[in-house]
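Summary of the model geometry
Read off the chains here:
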Amino acid sequence: PKIQADLHTFDNSFGLADPSLTIATPQGKPAGGHGDWAGEMALDVEWAHAIAPKAKILLVEALSPSDADLRSAVDYARRQPGVVAVSMSWGGSEFSSELGYDSTFTTPAGHAGVAFVASAGDNGAGAQWPAVSPNVVAVGGTNLTVTTNGTRISETGWNSGGGGLSKYEFELPNQRSVQNSGKRSTPDIAYNADPNTGFYVYDSVPDQNGETGWFSYGGTSAGAPQWAALIALADQGRAAAGLGSLSNAPAAIYSLPAADFNDIVVGNNGLKASAGYDLVTGFGSPRADQ
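Thresholds, definitions, all that
Residue positions are given per chain, counted from 1 along the sequence in the order it is written. Local features are withheld for residues below a pLDDT of 70 in this predicted model, meaning they are given only at 70 or higher, and side-chain atom pairs are given and counted only at 80 or more; totals for whole chains, interfaces and linings count all residues. To get the side-chain values, all heavy atoms of the structure are used, and hydrogens and water are removed first. The term salt bridge refers to a pairing of a side-chain nitrogen on Lys or Arg with a carboxyl oxygen on Asp or Glu at a separation within 4 Å. Here the term buried applies to any residue with accessible area under 20% of the maximum for its type, exposed to any over 50%, and partly exposed to those in between, with areas from a 1.4 Å probe on protein chains only. Here the axes come from fitting lines to C-alpha atoms, over the contacting stretch only for helices, and the angles between their N-to-C directions go from 0 to 180 degrees. Counting from the N terminus, the helices are DSSP H or I runs at least four residues long and the strands are E runs at least two residues long. Relative orientations are named as follows: roughly parallel for angles under 35 degrees, roughly antiparallel for angles over 145 degrees, roughly perpendicular for angles from 65 to 115 degrees, and oblique for any other angle. Left-handed describes a crossing in which the near helix is turned anticlockwise from the far one by less than a right angle; the clockwise case is right-handed. Contacts: residue pairs with any heavy atoms within 4.5 Å of one another. Whether two aromatic rings pair depends on their centres lying within 6.5 Å, for rings of Phe, Tyr and Trp, where Trp uses its six-membered ring; planes under 30 degrees apart make the pair stacked, over 60 edge-to-face, and the rest tilted. Note on geometry: a ring has a charge over it if NZ (lysine) or CZ (arginine) is within 6 Å of the ring centre and within 35 degrees of the ring normal. Counted as a polar contact is a pair of N or O atoms within 3.5 Å, where, for protein atoms, one must be capable of donating a hydrogen and the other of accepting one, and residues adjacent in sequence contribute only when both atoms are in side chains. Two strands pair if DSSP finds at least two bridges between them. Helix span is expected to be 1.5 Å times the residue number reduced by one. Directions are taken from the helix axis to each C-beta atom, and the arc is the one they span.

**Description of the pattern of salt bridges**
As a working rule, side chains carrying opposite charge can pair if their charged atoms are close by. For the structure shown, the criterion picks out six salt bridges. One salt bridge connects Arg79 with Asp75, and the closest N-O pair in it is separated by 3.1 Å. Residue class for Arg79 comes out partly exposed when judged on its relative accessible area of 44%. For Asp75, a relative accessible area of 25% translates into the label partly exposed. Here Arg152 makes a salt bridge to Glu155, at a shortest N to O gap of 2.9 Å. Accessibility expressed as a relative area gives 38% for Arg152, which makes it partly exposed.

Here it is as structure tokens:
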């Protein structure tokens, strides 16, 4: 309920201009104090904006955190004019009927291409939905250390990052170059997620402990909005080249050369990171200028 003001505080602190931010409540205004989700919203909005500072942002509030309401919010988001990337910092255990809902994460007929990005999970090894859905980019986690001026020092796989083979989804055609299990594997790529190396977020809505202000947040929820912002930037470049926005982001990512990623070769989430693609960090973290 205070995201406009909190985003302004964030922007003012880091020298950013406020973006065009639209808040939609297609299911009605959520009841309650928002304490559980306000921090998540602040993280997503503030850091999507930090990575793509001139992108327009549409925040879609679901009525509740139920799968049905969250899917409905995604369905609304993907149909809005101008939307090219949908960030989903939510997920849960796989379920046997999930394939019947995977069509939610596709570009609607007649709409410009839409990319879907989801956090791979914060509970260690194991695939979760919707990150494991075939048209969703699954973002795993790393621990990133940098110098005071932002130079990258080291990066390892985060021990709580999600990743693994799906129980129900089939291997993506573009994954056959990196694994041949017959099952969809996650994550596809990764991003800093360890709360110990997290991101500054401003949130004036009291959390469960009654605290407000500046926090350092992590989780693969931090990577999903930032990867969505990177895709939005890529789509801007595609538009400048006369190309349409991405409609199958996973396929695009699997077509990129290894040099476009920081390969994470150390780390363990219950599975081990290794050279090349793995079930901890996928291809690795982005070399964003590539």
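**Let's talk about the packing of helix H1 (residues 3-14) against helix H2 (residues 38-51)**
Two numbers describe how H1 lies on H2: the axes approach to 10 Å, and their chain directions differ by 45°. Considering the angle they form, H1 stands oblique to H2. The way H1 lies across H2 gives a crossing that is right-handed. Counted together, Ile3, Asp6, Leu7, Phe10 and Asp11 of H1 and Met41, Ala42, Val45, Glu46, Trp47, His49 and Ala50 of H2 form the full contact between these two elements.

**Brief notes about the packing of aromatic side chains**
Tallying each qualifying case throughout the model produces 18 aromatic pairs. Linked through ring pairs, Phe10, Phe14, Trp47, Tyr191, Phe199, Tyr200, Tyr202 and Trp214 together constitute an aromatic cluster. The cationic tip of Arg71 hangs over the ring face of Tyr101; the distance from NZ or CZ to the ring centre is 3.7 Å.

**So, the side chain of Gln128**
The topology assignment puts Gln128 in strand E6 (residues 128-129). Exposure remark for Gln128: the relative accessible area of 13% places this residue in the buried category. A polar side-chain atom of Gln128 sits 3.3 Å from the main-chain carbonyl oxygen of Ser119.

**A closer look at the pairing of strand E7 (residues 136-146)**
Counted residue by residue, E7 has eight buried out of 11 residues, so it is predominantly covered. Examined bridge by bridge, strand E5 (residues 115-119) and E7 share four bridges and lie parallel to one another. Bridge pairing in E7 links Ser119 to Val139. Two elements, E7 and strand E11 (residues 189-192), share four bridges in a ladder whose sense is parallel. Bridge assignment links Val139 to a residue of E11, and that residue is Ile189.

**Focus on H1**
Its 12 residues place the ends of H1 16 Å apart at the C-alpha level, agreeing with the 16 Å of an ideal helix rising 1.5 Å per residue. Those residues of H1 not exposed but buried are Ile3, Asp6, Leu7, Phe10 and Asp11. The buried residues of H1 all sit within an arc of 135° when viewed along its axis, so they share a single face. Looking at the buried side of H1, the elements it contacts are strand E1 (21-24), H2, strand E2 (57-60), strand E12 (199-203) and strand E13 (213-217). A positive backbone phi angle near 70° is found at Gly15, which sits one or two residues after H1.

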